[in-house]
Amino acid sequence: MTETTDKASRRRFLTGAAGLVAAGAAGPIVRADDKNLPPHVAEWTKQLGEGVGTRPYGTPSKFEKDVIRRTVPWLTATPESSVSFTPLHALDGIITPNGVCFERHHGGIAEVKPDDYRLMIHGLVDKPLMFTLEDLKRLPRVNRIYFLECAANSGMEWRGAQLNGAQYTHGMVHCVQYTGVPLKLLLEQAGVKPSAKWLMVEGGDSAGMNRSVPLAKALDDCLIAYRMNGEMLRPEQGYPARLVVPGWEGNMWVKWIRRIKVGDQPWFAREETSKYTDLLENGKARQFTFVMDAKSVITSPSPQVPVKGGKGFTVISGLAWSGRGKVARVDVSLDGGRNWRTAKIDGPVFDKACVRFYYEFDWNGEELLLQSRAIDDTGYVQPSKDDLRKVRGVNSIYHNNGIQTWALKKDGEVENVEVG
Ligand code: MTE
Ligand code: CO
């Protein structure tokens, strides 16, 4: 093709595709040097691709290399007792891909050999039991989609807007499908004594992390999970087995779980296990704050994903969840909480799982203050940060479920801000 015919055919192409081009607000999409764009034959079309088997365990496209867990090194003293954050801004739907689920370890990632794995149940039981991984896999199993949120998620934001990105302000949450054995089944096999009320649950990592879990919760919906999103748990998430405590704070979801001791009172009453408390303004502390209240965040646009291409049709996308049940509704505000409109929830709505919401609108290019608020099926409405501070003060790190505000600037950039 000569220069001239090339240009002429491109002009024809552009005229023919006028409807398509107009659909986006982005303006001309074809540049003279775009040899890969129609009407040219792209370079990847001119040669054979790699054959099957060259990627025995697939990874995302190399062009998505920035969609990764990220850390904030100054947050903690060591990487072994630290956190990495889910790239919420770059995901959609409700399922978090296994490779980018946030991690929170107190003593690093334990590399448990599956053949040497054991789960012991003892204490106030008729028959102490020891399960191998194969034993667990022989038992009846269920599949459940749940969110897991660290109690410290958004913990840096209590005193004001701090971190510029949904990944950092809200990325200590993930939502996957677990496959595992109901804990009730294991406890029934062991025969829990009538006086039993609490469990002490212990992990096999170097932190020997342990927590007290009320027996009633264990019998209700807890799982010993060994799979996430179909495959075996990742080492970071507790391979080969972890406790799943639906709707409750992440620290109770003991990873690399090795022991469950049944008792008649909370084990932290005897200083045997620790628990998280929330320090209030008056010096008192809230405790037994196990449930994660309803919360939501707009994941896009957000500081790491500004609006490109200027004003016009725009989709706001976000996540909402509640530890008390189902998300009933999500509202979106474009003016910092003065006016609210109902967002569209798309995709499945499960108990104690994330839902995906969208709000579609025509952006006039003016500055907006974007917010979302979740309402769950108990009628609970996610509070503003100021309302939350009125009852909790700012001393706590934990349980910050206040409404997040993103300022969308005229140039499409987005910033973490607070409104009065
Ligand atoms: N279990 C063990 N054994 N050790 C740990 O450090 N961290 C807890 C919990 N279970 C932890 C653990 C905390 S604080 C959280 S928020 C979740 O695991 C994080 O789970 P994830 O790493 O799968 O995201
Ligand atoms: Co945590």
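**As for the domain arrangement of the chain**
Here is step 1: For the chain, the assigned domains read domain 1 (70-286) and domain 2 (295-417).
Here is step 2: Computed from C-alpha coordinates alone, the two centres of domain 1 and domain 2 are separated by 27 Å.
Here is step 3: Regarding the contact of domain 1 and domain 2, the summed buried area is about 3,700 Å², with carbon and sulfur atoms giving 55% of it.
Here is step 4: Between the two partners, domain 1 and domain 2, sit three salt bridges.
Here is step 5: Among the salt bridges present, the one from Lys295 reaches Glu149, with a minimum N-O distance of 2.8 Å.
Here is step 6: Our count for the contact surface shared by domain 1 and domain 2 stands at 22 residue pairs in polar contact (both at pLDDT 80 or more).
Here is step 7: Of all elements in the fold, only strand S5 (142-149), helix H4 (166-170), strand S6 (173-182) and strand S13 (278-279) reach the threshold of two or more residues within the side of domain 1 that touches domain 2.

**Things to note about the site of ligand 1**
Here is step 1: For ligand 1, the set of nearby residues contains 21 residues, the closest of which are Phe102, His106, Asp205, Arg242 and Lys255.
Here is step 2: With respect to ligand 1, the side chain of Asp205 contributes an N or O atom lying 2.7 Å from a nitrogen atom.
Here is step 3: With respect to ligand 1, the side chain of Lys255 contributes an N or O atom lying 2.5 Å from an oxygen atom.
Here is step 4: Calculation on ligand 1 without its partners gives an accessible area of 530 Å², and the protein chains cover 100% of this total.
Here is step 5: The site holding ligand 1 turns out to be the largest cavity.

**Re the pattern of salt bridges**
Here is step 1: In this structure the tally under the stated criterion is 23 salt bridges.
Here is step 2: In this structure, Arg69 engages Glu236 in a salt bridge whose closest nitrogen and oxygen atoms are separated by 2.7 Å. Note that Arg69 is positioned in the loop between helix H2 (18-23) and strand S1 (82-84) and Glu236 in the loop between strand S10 (231-232) and strand S11 (242-244), a separation of 167 residues in sequence. Each member of the pair Arg69 and Glu236 is classed as buried.
Here is step 3: For Arg258, the salt bridge is made with Glu202, and the minimal N-O distance between the two is 3.0 Å. Pair noted here: Arg258 is in strand S12 (residues 257-263) and Glu202 is in strand S7 (residues 198-203), with a separation of 56 residues, a long-range link.
Here is step 4: One salt-bridge network, in which partners are shared between bridges, spans Lys217, Asp221, Asp351 and Lys352.

**Details of the nonpolar core**
Here is step 1: Membership of the largest hydrophobic core comes to 60 residues, with the highest contact counts inside it found for Leu183, Leu186, Ile224 and Ile257.
Here is step 2: Broken down by element, this core gets its largest block of residues, five residues, from strand S9 (residues 223-228).
Here is step 3: Beyond its immediate chain neighbours, meaning those up to four positions away, Leu183 contacts Leu199, Ala218, Cys222, Leu223, Ile224, Leu243 and Ile260.

**Some points on the side chain of Arg242**
Here is step 1: If you trace the backbone, Arg242 turns up in strand S11.
Here is step 2: Asp205 provides the closest opposite charge to the buried, salt-bridge-free Arg242, at an N-O distance of 9.8 Å.
Here is step 3: Among the polar contacts made by the side chain of Arg242, one reaches the main-chain carbonyl oxygen of Gln237 at a distance of 3.4 Å.
Here is step 4: Look past the residues within four positions of Arg242 in its chain and what remains in contact with it is Leu148, Tyr178, Leu223, Ile224, Ala225, Leu233, Gln237, Trp253, Val254, Lys255 and Ile257.

**Considerations on the sheet that holds strand S19 (residues 344-345)**
Within a beta sheet, neighbouring strands are joined by backbone hydrogen bonds and run either parallel or antiparallel to one another.
Here is step 1: Taken in spatial order, the four strands make up an open sheet running S15-S16-S20-S19, and their pairing is antiparallel. The open sheet terminates on both sides in strands that have one partner only, identified here as strand S15 (295-300) and S19.
Here is step 2: In the sheet, strand S16 (residues 312-321) pairs with strand S20 (residues 355-363) via nine bridges, with the strands oriented antiparallel. When the sheet's bridge partners are listed, Ala320 is paired in S20 with Val355.

**Notes on unusual backbone geometry**
Here is step 1: In the segment running from Pro38 into Pro39, the intervening peptide bond is cis, with an omega of 10 degrees.
Here is step 2: In this fold, Pro39 is placed in the loop between H2 and S1.
Here is step 3: With a phi angle near 65 degrees, Ser154 is a residue other than glycine that sits in the positive phi range.
Here is step 4: Topologically, Ser154 is positioned in the loop between S5 and H4.
Here is step 5: You will see that His399, though not glycine, has its phi angle at about 55 degrees, which is positive.
Here is step 6: As for its placement among the helices and strands, His399 is situated in the loop between helix H7 (385-392) and strand S22 (405-408).

**A short note on the layout of surface pockets**
Here is step 1: There is about 400 Å³ of room inside the largest pocket.
Here is step 2: Residue lining of the largest pocket: 25 residues in total, with Leu75, Ala152, Gly155, Met156 and Ile397 positioned closest to the centre.
Here is step 3: Listing elements by their share of the lining of the largest pocket, those giving two or more residues are S1 and H4.
Here is step 4: A class-by-class count of the residues in the lining of the largest pocket yields 14 nonpolar, eight polar and three charged.

What counts, and where the lines are drawn
- Residues numbered from 1 in each chain as written.
- Chains lettered and ligands numbered in written order.
- Predicted model: local features only at pLDDT ≥ 70, side-chain atom pairs only at ≥ 80, totals over all residues.
- Heavy atoms only, no water.
- Domains from an automatic or database assignment.
- Buried area = accessible area lost by both parts, 1.4 Å probe.
- Salt bridge = Lys/Arg side-chain N within 4 Å of Asp/Glu carboxyl O.
- Polar contact = N/O pair within 3.5 Å; in protein donor to acceptor, adjacent residues only side chain to side chain.
- Helix = DSSP H or I, 4+ residues; strand = E, 2+ residues; numbered from the N terminus.
- Near = heavy atom within 4 Å.
- Areas by Shrake-Rupley, 256 points an atom, 1.4 Å probe, with all protein chains shown as cover.
- 1 Å grid on protein atoms, 1.4 Å probe; cavity = no way out; pocket = protein on both sides within 12 Å on 5 of 7 lines; lining within 4 Å.
- Sits in = over half its atoms within 2 Å of the grid points.
- Buried < 20%, exposed > 50% of the residue type's maximum accessible area, 1.4 Å probe, protein only.
- Core = buried A, V, L, I, M, F, W, Y, C linked by side-chain atoms within 4.5 Å.
- Contact = heavy atoms within 4.5 Å.
- Lys, Arg positive; Asp, Glu negative; His and termini not counted.
- Pairing = 2+ DSSP bridges.
- Points joined across faces, edges and corners; volume = space filled by probe spheres on them.
- Nonpolar A, V, L, I, M, F, W, Y, C, P; charged D, E, K, R; others polar.

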